[in-house]
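# Structure assessment
The residues making up each chain are set out below.
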Amino acid sequence: MVMREADVLQKEGYITKHILDYVHKAYENYDVIFDEPVSKPTIIHGDYWAANILVNKNYELAGVLDPFNCMWGDSEYELFALNAAHNGKIPVLEAFLEKQTVSRKFMLKNYFYFLFSEVYWVTKLHHNNNDYLNEIIGNLDAEMKRFNII
């Protein structure tokens, strides 16, 4: 769906040809980006943000709301979603990485998720976010080069 809509977005002027070409390039390399086995799939929420997380007066997790799209998946996707929801302003990623080991290609996958998530939101909101998309592409490109994908 995102791929088809990205083509329309480019024709309508919401994203540049450069961004569209990179979305296609990333998608074409999906199997290489996600070639590491997921050792322990978990139930993921996929829509964590402040309004969906309940904490008690001691700031401990008390509950989670809106489980509509929960699914089995790679826990690293959940980490991306938590980090993206707060735009890096809350050090979720840093706190997690201090305690847990992630896959070798975690950052590569993380930037892939960022790119496709942001393109998805452009399709829903029809807004021009090319500067942010180009920033994501720069990070994804660096990771793809680091793993000799491109």
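The following refers to the structure shown. All values derive from a computational prediction rather than experimental measurement.

### Some remarks on the overall build of the protein
- In terms of helices and strands, the protein carries seven helices and four strands.
- Along the protein, helices and strands appear, N-terminal first, in the series α-α-α-β-β-β-β-α-α-α-α.
- Since a compact globule built from 150 residues should have a radius of gyration of about 15 Å, the 16 Å found for the protein is in line with a globular shape.
- For the protein, the spread of C-alpha atoms along the three principal axes comes to 50 × 35 × 25 Å.
- Split into buried and exposed, the 150 residues of the protein put 37% on the buried side.
- For the protein, the computed accessible surface area is about 9,400 Å², with 55% contributed by carbon and sulfur atoms.

### A word on the packing of aromatic side chains
- As enumerated under the stated definition, the model contains seven aromatic pairs in all.
- Judged by centre distance (5.5 Å) and plane angle (45°), the rings of Phe 34 and Tyr 113 are tilted. On the criterion of sequence distance, the pair formed by Phe 34 in the loop between helix H3 (30-33) and strand E1 (42-44) and Tyr 113 in helix H6 (residues 106-125) is long-range, its members being 79 residues apart. The burial state of Phe 34 is the same as that of Tyr 113; both residues are buried.
- Measuring from centroid to centroid gives 4.5 Å for Phe 112 and Phe 116, while their planes differ by 25°, and the two rings are stacked. One end of the pair, Phe 112, and the other, Phe 116, are both in helix H6, four residues apart, so they sit about a helical turn from each other. The pair formed by Phe 112 and Phe 116 is uniform in burial state, with each residue classed as buried.
- Across from the ring centre of Phe 147, 5.6 Å away, lies the NZ or CZ of Lys 105, which sits over that ring.

### Section: the environment of Thr 16
- As for its position among the elements, Thr 16 is in the loop between helix H1 (2-12) and helix H2 (17-28).
- Sequence separation of Thr 16 and Ile 150 is 134 residues, and the distance between their C-alpha atoms is 21 Å.
- Setting aside residues no more than four positions away along its own chain, Thr 16 makes contact with Gln 10 and Asn 130.

### Topic: the packing of H1 against H6
- Orientation of H1 relative to H6, taken along the N-to-C sense of each, is 60°, at an axis distance of 10 Å. It follows that H1 is oblique to H6 by the angle criterion. Seen from above, H1 lies across H6 with left-handed handedness. Contacts between H1 and H6 pair Val 2, Met 3, Glu 5, Ala 6 and Leu 9 from the former with Phe 116, Val 119, Tyr 120, Val 122 and Thr 123 from the latter.
- Along the lines of polarity and charge, the residues of the contact of H1 with H6 split into eight nonpolar, one polar and one charged.

### Notes on H6
- The terminal C-alpha atoms of H6 lie 28 Å apart, and with 20 residues this matches the ideal 28 Å at 1.5 Å per residue to within 8%.
- The element H6 is extensively covered by neighbouring structure, given that 14 of its 20 residues are classed as buried.
- Downstream of H6 by one or two residues, His 126 has phi in the positive range, about 50°.

### Brief notes about the environment of Glu 36
- The residue Glu 36 is located in the loop between H3 and E1 in this model.
- Along the backbone, Glu 36 and Phe 106 are 70 residues apart, and their C-alpha atoms lie at a distance of 9.8 Å.
- Sequence-distant contacts of Glu 36, that is, excluding residues within four places in its chain, are made with Ser 103, Arg 104 and Lys 105.
- Reaching out from Glu 36, the side chain makes a polar contact with the side chain of Ser 103 at a distance of 3.3 Å.
- Separated by 3.3 Å, the side chain of Glu 36 and the backbone nitrogen of Arg 104 make a polar contact.

About the thresholds
Residues numbered from 1 in each chain as written. Predicted model: local features only at pLDDT ≥ 70, side-chain atom pairs only at ≥ 80, totals over all residues. Heavy atoms only, no water. Helix = DSSP H or I, 4+ residues; strand = E, 2+ residues; numbered from the N terminus. Rg over C-alpha atoms; globule rule 2.2 N^0.38 Å. Buried < 20%, exposed > 50% of the residue type's maximum accessible area, 1.4 Å probe, protein only. Areas by Shrake-Rupley, 256 points an atom, 1.4 Å probe, with all protein chains shown as cover. Phe/Tyr/Trp six-rings, centres within 6.5 Å; stacked < 30°, edge-to-face > 60°. Lys NZ or Arg CZ within 6 Å of the ring centre and 35° of its normal. Contact = heavy atoms within 4.5 Å. Axes fitted to C-alpha atoms, helices over the stretch in contact; angles between N-to-C directions. Parallel < 35°, antiparallel > 145°, perpendicular 65-115°, else oblique. Left-handed = near helix turned anticlockwise from the far one by under 90°. Nonpolar A, V, L, I, M, F, W, Y, C, P; charged D, E, K, R; others polar. Expected span 1.5 Å × (residues − 1). Polar contact = N/O pair within 3.5 Å; in protein donor to acceptor, adjacent residues only side chain to side chain.

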